[in-house]
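These are the residues of each chain, in order.
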Amino acid sequence: VPHLKIEDLKVSIEDKEILKGVNLEVKGGEIHAIMGPNGTGKSTLSAAIMGHPNYKVTGGDVTLDNEDVLEMEVDERARKGIFLAMQYPSEISGVTNADFLRSAINARREEGDEISLMSFIREMDKQMGALEMDESFSHRYLNEGFSGGEKKRNEILQMMMLKPRLAILDEIDSGLDIDALKVVAQGVNEMRSPELGVLIITHYQRLLDHITPDFVHVMMQGRIVKSGGPELAKRLEAEGYDWIKEELGIVD
Ligand code: ADP
Ligand code: MG
Ligand code: MG
């Protein structure tokens, strides 16, 4: 069972401290949601876990199954089963969706154990069907000309195909209409298992109407300032963030 542990994590961008000591544990079978106002460091947390070079870790630890994630190269983190569905997926011209996915799957496998073309196609057809994606998507260049919603579906397709042990979904719900939101949520719900820990980063509660998290955390000014269950997300939706600021004496 996967076990991600983040302890007192401090991260800077261009010498500005963004994360000021984040503590969080995500175990297999659990879905955690991180909510918070814009600019509080939510994407910084996901970028730091993935090892984005612009984000400098200045303190603390991140481990997956007691292995030091911060010491790992980016591709090693992916091989260990850490997956990030990004807020702004990048477009790659000249690489089709299918090619990208197949090499991403094979990069996580041992040499000689590559997925066969037939099983790859069968699996991709199946998952694209589940996500109500048109067949043509497999042959189109990665994210090129995809709408916002199509990019997000595509991120979930990658997740379903790669079968990560720890999935971080950063604002996967932004730019989705209600139908796409339901499809995406269903994809995540189908993947729920003890073998997968999920960290959902979201600005809005609406995704959490379709994916019930086990834990909800509020991030403000680079720290997790409050944690609770699904009811916390409902209260944030109804009342916003001001009551937390008042409760904690946060001035901004
Ligand atoms: P969130 O995802 O919670 O909206 P981010 O983690 O994206 O917040 O950003 C946290 C803070 O870091 C913000 O104040 C933002 O302006 C700053 N920041 C993000 N990316 C960069 C960057 N590339 N260069 C400088 N500052 C950045
Ligand atoms: Mg963000
Ligand atoms: Mg360290």
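See the structure printed just above.
None of the values given here were measured: they were computed from a predicted structure. Here the residue index of a chain counts from 1 through its sequence in written order. The naming scheme follows written order: chains are lettered A onward, ligands numbered 1 onward. Selection of residues for local features in this predicted model requires a pLDDT of at least 70, selection of side-chain atom pairs for listing and counting requires 80 or more, and totals for whole chains, interfaces and linings are taken over all residues.

## Brief notes about the pairing of strand S1 (residues 3-13)
Residues in a regular strand project their side chains so that they alternate between the two faces of the sheet.
Point 1. We call two strands paired when DSSP finds no fewer than two bridges between them. Helix and strand definitions follow DSSP, with helices as H or I runs of at least four residues and strands as E runs of at least two, each counted in order from the N terminus. Note: S1 against strand S2 (residues 16-27), 9 bridges, orientation antiparallel. Counterpart to lysine 10 in the pairing with S2 is lysine 20.
Point 2. Taken together, S1 and the strand that follows it, S2, pair antiparallel across an intervening segment of 2 residues, in which glutamate 14 is found at a positive phi of about 45°.
Point 3. Pairing analysis gives 8 bridges linking S1 to strand S4 (residues 55-64), with the strands arranged antiparallel. Paired with isoleucine 6 across the bridge in S4 is valine 62.

## A closer look at the sheet that holds strand S5 (residues 67-68)
Strand pairing within a sheet occurs via backbone hydrogen bonds; the two strands may be parallel or antiparallel.
Point 1. Strand order in the open sheet made by the 4 strands is S2-S1-S4-S5, with antiparallel pairing throughout. Lying at the two open borders of the sheet, with one neighbouring strand each, are S2 and S5.
Point 2. The sheet contact formed by S4 and S5 spans 2 bridges and is antiparallel. From the neighbouring strand, threonine 63 faces S5, where its bridge partner is aspartate 68.

## What about the site of ligand 1?
Point 1. Any residue whose C-beta atom, as placed from the backbone, lies within 6 Å of a molecule or strand is termed near it. Residues in contact with ligand 1, as listed here, are Ile13, Glu14, Ile18, Gly36, Asn38, Gly39, Thr40, Gly41, Lys42, Ser43, Thr44 and Asn54.
Point 2. The leading source of residues in the shell around ligand 1 is helix H1 (residues 42-50), at 3 residues.
Point 3. We call Asp, Glu, Lys and Arg charged. Ala, Val, Leu, Ile, Met, Phe, Trp, Tyr, Cys and Pro are nonpolar, and the rest, Gly among them, are polar. In terms of residue class, the shell around ligand 1 is built from 2 nonpolar, 8 polar and 2 charged.

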